[in-house]
Amino acid sequence: MRIVIITGASSGMGREFALQLDKKLHSIDEYWLVGRNEEELAKTKKKMHTKTRNFIADFNSRKALFPLVQELNNIQPEVKMLVNCAGFGMVGYFDRISYNDNLSMIDVNCRALTSLTHDCIPFMAVNSRIINLASAGAFNPQPGFAVYCATKSYVLSFSRALRGELKDLGIYVTAVCPGPVNTPFFNKAERYGNVYAFKKLFMADQKAVVSKAIDDSIRCKEISVYGRTMRAYRVLAKVVPHRFIIELLNLMHKLKK
Ligand SMILES: NC(=O)c1ccc[n+]([C@@H]2O[C@H](COP(=O)([O-])OP(=O)(O)OC[C@H]3O[C@@H](n4cnc5c(N)ncnc54)[C@H](OP(=O)(O)O)[C@@H]3O)[C@@H](O)[C@H]2O)c1
Ligand SMILES: C[C@H](O)[C@H](N)C(=O)O
């Protein structure tokens, strides 16, 4: 049995990955969707045409993935694609964000992604894909978004190294690094501080971001960056010393208060 596993499938880009892959891939027997909000995950499942199973999991718990991993070992399917999309961010200075929220970003964005990737690889054969949602925030540290961007730098670095390890096995890893995307992400991100106004001006359409990410993964690309602005930002973050970017962002963060 050939399956696709998608985390964060109850909202935003994770739901979009499920709906687009459901149309695009033709040899998949089941989609295993993972999310925390049972009602929203059920809405995603209702829109799917391929047989779909929902796994409710809160990645703040280290046991969250046990039922899914147990099912992997019971059924022994072939995992054709793993999409690690679950994640969240909190805008604000580090010392203003609660201990739990800071550590939760690491648990959800890094630990859960790493854990599920480790559990899925034994079930992946030649010509499989792993798509990890990093961020353009991975390209340089961001004051006022410090932990979130650090978690996404982890995802980018881990994905690139893992690609090097797995490509000879025919398992291709793609890190997706979007700029701001028009999903519910930012509605949840402003508990401690406001998002830069310009980010809301440059929000990309989630359908387009996801479509490019899928195409880039199928083409075995290392990194998927949607839009000329973000591709230019990636180059800028490579050539401009990060301490200058940090100073500028810090000033902007202070001015927006
Ligand atoms: N939107 C952007 O501007 C942007 C840009 C670059 C990268 N990203 C990344 O893209 C990914 C998808 O985000 P999105 O924009 O689609 O936002 P979203 O609509 O808020 O979706 C986030 C998803 O992550 C899941 N999630 C959050 N906390 C979780 C937890 N503790 N346990 C299990 N699942 C959890 C959510 O599940 P529930 O809703 O069920 O809790 C939801 O399905 C994230 O990794 C994000 O960092 C977003
Ligand atoms: C939040 C999201 O990751 C986006 N790339 C940003 O930096 O705002």
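Numbers given for residues are sequential positions, taken from 1 along each chain in its written order. Each chain takes a letter, starting from A, and each ligand takes a number, starting from 1, following the order in which they are written. Side-chain atom pairs in this predicted model are given and counted only at pLDDT of 80 or more, local residue features only at pLDDT of at least 70, and totals for whole chains, interfaces and linings cover all residues. The side-chain numbers reported here are obtained from all heavy atoms of the structure, hydrogens and water having been left aside.

As annotated in an unreviewed UniProt entry, the chain is NADP-dependent 3-hydroxy acid dehydrogenase YdfG from Eubacterium album. UniProt positions are given in the numbering used here, feature names are shortened, and annotations may be inferred rather than shown by experiment. The chain has a UniProt comment under Sequence similarities (unreviewed entry) that states "Belongs to the short-chain dehydrogenases/reductases (SDR) family."

A.B. asks: Got a minute to help me understand the overall build of the chain in this structure?
C.D. replies: Helix and strand assignments follow DSSP, with helices taken as H or I runs no shorter than four residues and strands as E runs no shorter than two, numbered in order from the N terminus. Per the secondary structure count, the chain includes 10 helices and 7 strands. Referenced to the eigenvectors of the C-alpha coordinate spread, the extents of the chain come out at roughly 55 × 35 × 30 Å. Per-residue accessibility, obtained with a 1.4 Å probe over protein chains only, is compared with the maximum for each type, and a residue is labelled buried under 20%, exposed over 50%, and partly exposed between these values. Counting all 257 residues of the chain, 53% fall into the buried class. We call two residues in contact whenever any of their non-hydrogen atoms come within 4.5 Å of each other. In the chain, of all internal contacts separated by at least 6 residues, the share reaching a separation of at least 24 is 71%. The Shrake-Rupley method, run with a 1.4 Å probe, gives the accessible areas here. Residue values count only the displayed protein chains as cover. Of the roughly 12,500 Å² of accessible surface on the chain, a fraction of 55% belongs to carbon and sulfur atoms. Looking at charge distribution, the chain has the averaged site of its 37 positive side-chain charges lying 6 Å from that of its 22 negative ones. Charged-residue counts in this description rest on Lys and Arg as positive and Asp and Glu as negative, His and the chain ends being excluded. A charged residue contributes its charge at one atom only: NZ of Lys, CZ of Arg, CG of Asp or CD of Glu.

A.B. asks: In this structure, what is going on with the site of ligand 2? I would like to understand it.
C.D. replies: Around ligand 2, a shell composed of Ser135, Ala136, Gly137, Gln142, Phe145, Tyr148, Pro178, Gly179, Pro180, Phe185, Phe186 and Lys199 is seen. In the environment of ligand 2, an oxygen atom lies 2.8 Å from a nitrogen or oxygen atom belonging to the side chain of Tyr148. Considering ligand 2 on its own, with 250 Å² of exposed area, one finds that the protein chains cover 93% of that surface. Here a residue is considered near a molecule or strand provided that any single heavy atom belonging to it is located within 4 Å of it. Polar contacts, as counted here, are pairs of nitrogen or oxygen atoms within 3.5 Å of one another; within protein the pair requires one atom able to donate a hydrogen and one able to accept it, and residues that are adjacent in sequence qualify only if both atoms are side-chain atoms.

A.B. asks: Help me understand the sheet that holds strand S2 (residues 30–35) in this model?
C.D. replies: The strands that make up a sheet are held in pairs by hydrogen bonds between backbone atoms, and each pair lies either parallel or antiparallel. Read across the open sheet, the 7 strands follow the order S3-S2-S1-S4-S5-S6-S7; overall the sheet is parallel. If you trace the sheet from one side to the other, it starts and ends with strand S3 (52–56) and strand S7 (223–224), each paired once. In short, DSSP must find at least two bridges between two strands for them to pair. Here 6 bridges tie strand S5 (residues 128–133) to strand S6 (residues 171–176), and the two strands are oriented parallel to one another. Along S6, the bridge assignment pairs Ile131 with Thr174.

A.B. asks: So what exactly am I meant to see when it comes to the environment of Met252 here?
C.D. replies: For Met252, the position within the fold is in helix H10 (residues 242–255). Residue classification places Met252 among the partly exposed residues on the basis of a relative accessible area of 26%. A sequence separation of 179 residues divides Met252 from Asn73, and the C-alpha atoms of the two residues are 50 Å apart. Discounting residues that sit within four places of it in the chain, Met252 has contacts with Tyr196 and Phe198.

A.B. asks: Sorry, what's going on with the pairing of S6 here?
C.D. replies: Looking down a regular strand, the side chains alternate between one sheet face and the other. Within S6, 5 of the 6 residues are buried, which leaves the element mostly enclosed by the surrounding structure. Following the chain from S5 across helix H5 (residues 146–166) to the adjacent parallel S6, one finds a crossover that is right-handed. Relative to S7, S6 runs parallel, the two being bridged by 2 bridges. The residue bridging Val176 from the neighbouring strand is Ser224, located in S7. Place the viewer so that the strands point away; then a crossover is right-handed whenever the path from the first strand over the helix to the second strand goes clockwise.

A.B. asks: Could you clarify how one ought to interpret the packing of aromatic side chains in this entry?
C.D. replies: Note on aromatic pairs: each is described by the distance of the centres and the angle between the planes. Between 30 and 60 degrees the pair is tilted, below 30 it is stacked and above 60 it is edge-to-face, where a pair is any two Phe, Tyr or Trp rings, Trp via its six-membered ring, whose centres lie within 6.5 Å. Evaluation of the coordinates by the stated rule reveals 6 aromatic pairs. Here Trp32 and Phe55 contribute two aromatic rings whose centre-to-centre distance is 5.2 Å and whose plane-to-plane angle is 40°, an arrangement assigned as tilted. A residue pair is termed long-range when its members are at least 10 positions apart, and Trp32 in strand S2 and Phe55 in strand S3 qualify at 23 residues. Neither Trp32 nor Phe55 differs from the other in exposure class; each is buried. Consider the rings of Phe185 and Phe186, whose centres lie 5.1 Å apart with planes at 80°: the pair is edge-to-face.

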